[in-house]
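Residue-level structural notes
Here are the chains, one letter per residue:
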Amino acid sequence: MAVALEELTDKHPCFALGKKGSNGRIHLPISPTCNIQCKFCDRKINDYEERPGVAATVIKPEESPDVIRQSLEVCPDITVVGIAGPGDTLASDYALQTFRLVKEAYPSLLKCMSTNGLLLSEKAEEIIEVGIDSLTVTVNAVDPEIEAQLNTGILYHGKWYEGSEAAKILIHNQLEGIRKISEAGIMIKVNTVLVPEVNDQHIEEIAKTVAEAGAKIYNVIPLIPQYELADKRQPTCAELGEAREKAARYLDVFCHCQRCRADAIGVPGGKDFGKQIYLNRVAVKETFSHG
Ligand code: CLF
Ligand code: SF4
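All residue numbers refer to position in the chain's written sequence, counted from 1. Lettering for chains starts from A, numbering for ligands starts from 1, and both go in the order in which the items are written. Side-chain atom pairs in this predicted model are given and counted only at pLDDT of 80 or more, local residue features only at pLDDT of at least 70, and totals for whole chains, interfaces and linings cover all residues. Excluded from the side-chain calculation are hydrogens and water; included are all heavy atoms of the structure.

Observations concerning the site of ligand 2
The cut-off we apply is this: Think of it this way: one heavy atom of a residue within 4 Å of a molecule or strand is enough to make that residue near it. Residues are grouped as follows: nonpolar covers Ala, Val, Leu, Ile, Met, Phe, Trp, Tyr, Cys and Pro; charged covers Asp, Glu, Lys and Arg; every other residue, Gly included, is treated as polar.
Surveying the vicinity of ligand 2 reveals the residues Cys34, Ile36, Cys38, Cys41, Arg43, Pro86, Gly87 and Asn116. Here the shell around ligand 2 is composed, by residue class, of five nonpolar, two polar and one charged.

Here you go:
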């Protein structure tokens, strides 16, 4: 049965509204590959950068229960098992396989999945059946012309699409996926990477559209200028505040995002145990590089 918003607000650090939550999360770096190319994404395997898309290693689904056990020993505040990359959670089957194992081994932990949404609509039934408790979809635009400035292209059913043609497919699938998943009662948060002069005047439209599709919480993430958007700047605090204020007209806004790595472990913003757990794993030899 789907978890109610009150329970998520209470137990989930990224759905805590108002004050910062004190619960922790473990990210399992299970999903190595991605099926789209965001212009700000520079996926890396290393142990020093603090940002999404980075992990020290990639683990196998069957290693997850043991990683969770070790993590709970060092951080008993963990209430959520999240999968957020370092690639996309639906580009391979590993994330859904892992959630099945987690459900069996740790039924009391919340299962949180994060995706770019390209395959959300076609995988919706399976996601619902697996019993995800919270889902995050990254929607950076609902206008294909704007999305095309943030995304080079998508690999969809074996074919590479670019520009606004790619953006149209991506946006359509994201919104359809959000509709299907929210109809099943699963709580959805939408993340938007705020890019000054590209989508900063578009936030209200995104928030309105995703709220109509069924999303309940919105998280504006300031751009980390890198890769093809290295020449852009980070939004100012005022721009971030304005974007949040506009979004808040349509849904609840989450304000404590820490732009976590794909292998973060601990309370967001507090001590991170990711390196200690993942780099100590002798069994983990196979690293994946997107380089
Ligand atoms: Fe992880 Fe994301 Fe789940 Fe949270 S992170 S998959 S919803 S358990 Fe949270 Fe980190 Fe921000 Fe993500 S603070 S980057 S919003
Ligand atoms: Fe990177 Fe995520 Fe975009 Fe894939 S969806 S290119 S992993 S930011």
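Following the structure, the description resumes.
Some remarks on the nonpolar core
Heads up, the condition is: Side-chain atoms within 4.5 Å are what join buried Ala, Val, Leu, Ile, Met, Phe, Trp, Tyr and Cys residues into a set we call a nonpolar core. For the exposure calls, accessible area comes from a 1.4 Å probe over protein chains only, and a residue counts as buried if that area is under 20% of its type's maximum, exposed if over 50%, partly exposed in between. Any two residues whose heavy atoms approach within 4.5 Å at even a single point are treated as in contact.
Counting residues in each nonpolar core, the largest one holds 72 residues, and the members touching the most others are Ile26, Leu28, Ile178, Val210 and Tyr218. The contacts of isoleucine 178, once residues within four sequence positions are left out, are Leu120, Val137, Val139, Ile188, Val190, Val210, Ala213, Gly214 and Ala215. Val3, Phe15, Val80 and Ile217 belong to the second-largest nonpolar core, a separate cluster that totals ten residues.

What to know about unusual backbone geometry
What is expected of a backbone is that most residues other than glycine have negative phi and most peptide bonds are trans. Applied cut-off: Runs of H or I in DSSP of at least four residues are treated as helices and runs of E of at least two as strands, each being numbered from the N terminus.
In this model, glycine 85 is joined to proline 86 through a cis peptide bond whose omega is 10°. Along the polypeptide, proline 86 turns up in the loop between strand S5 (78-83) and helix H3 (94-105). The phi dihedral of glutamate 197 falls on the positive side, at around 70°, and the residue is not glycine. Tracing the chain through its elements places glutamate 197 in the loop between strand S10 (187-194) and helix H7 (203-213). The exposed category is assigned to glutamate 197, whose relative accessible area is 55%. Located in the positive-phi region is arginine 259, a residue other than glycine, with phi close to 50°. Position of arginine 259 among the secondary structure elements: in the loop between strand S12 (252-253) and strand S13 (265-266).

Quick notes on the site of ligand 1
The local shell around ligand 1 holds 15 residues, among which Cys14, His27, Cys112, Cys257 and Cys260 are the closest. Of all elements in the fold, only strand S1 (24-27) and strand S6 (110-115) reach the threshold of two or more residues within the shell around ligand 1. A class-by-class count of the residues in the shell around ligand 1 yields six nonpolar, six polar and three charged.

Thoughts on H3
What counts here: Take the residue count of a helix, subtract one, and multiply by 1.5 Å to get its expected span. This arc corresponds to the set of directions leading from the helix axis out to the C-beta atoms.
Between its terminal C-alpha atoms H3 stretches 16 Å, which fits the 16 Å expected from twelve residues at 1.5 Å a residue. Every buried residue belonging to H3 is among Ala95, Leu96, Thr98, Phe99 and Val102, and all of these are buried. The arc that holds every buried residue of H3, seen down its axis, measures 155°, which confines them to one face.

Comments concerning the pairing of S5
In plain terms, the rule: The pairing criterion is simple: DSSP has to find at least two bridges between the two strands. A right-handed crossover is one whose linking path, passing over the helix from the first strand to the second, runs clockwise when the strands point away from the viewer.
Most of S5 is tucked away, with six of its six residues classed as buried. Here four bridges tie S1 to S5, and the two strands are oriented parallel to one another. Within the sheet, the bridge partner assigned to isoleucine 26 lies in S5 and is valine 81. Note that S5 and S6 share four bridges and pair parallel. Residue pairing in the sheet places isoleucine 83 in a bridge with methionine 113 of S6. As a crossover connection, the stretch from S5 through H3 into S6 is right-handed.

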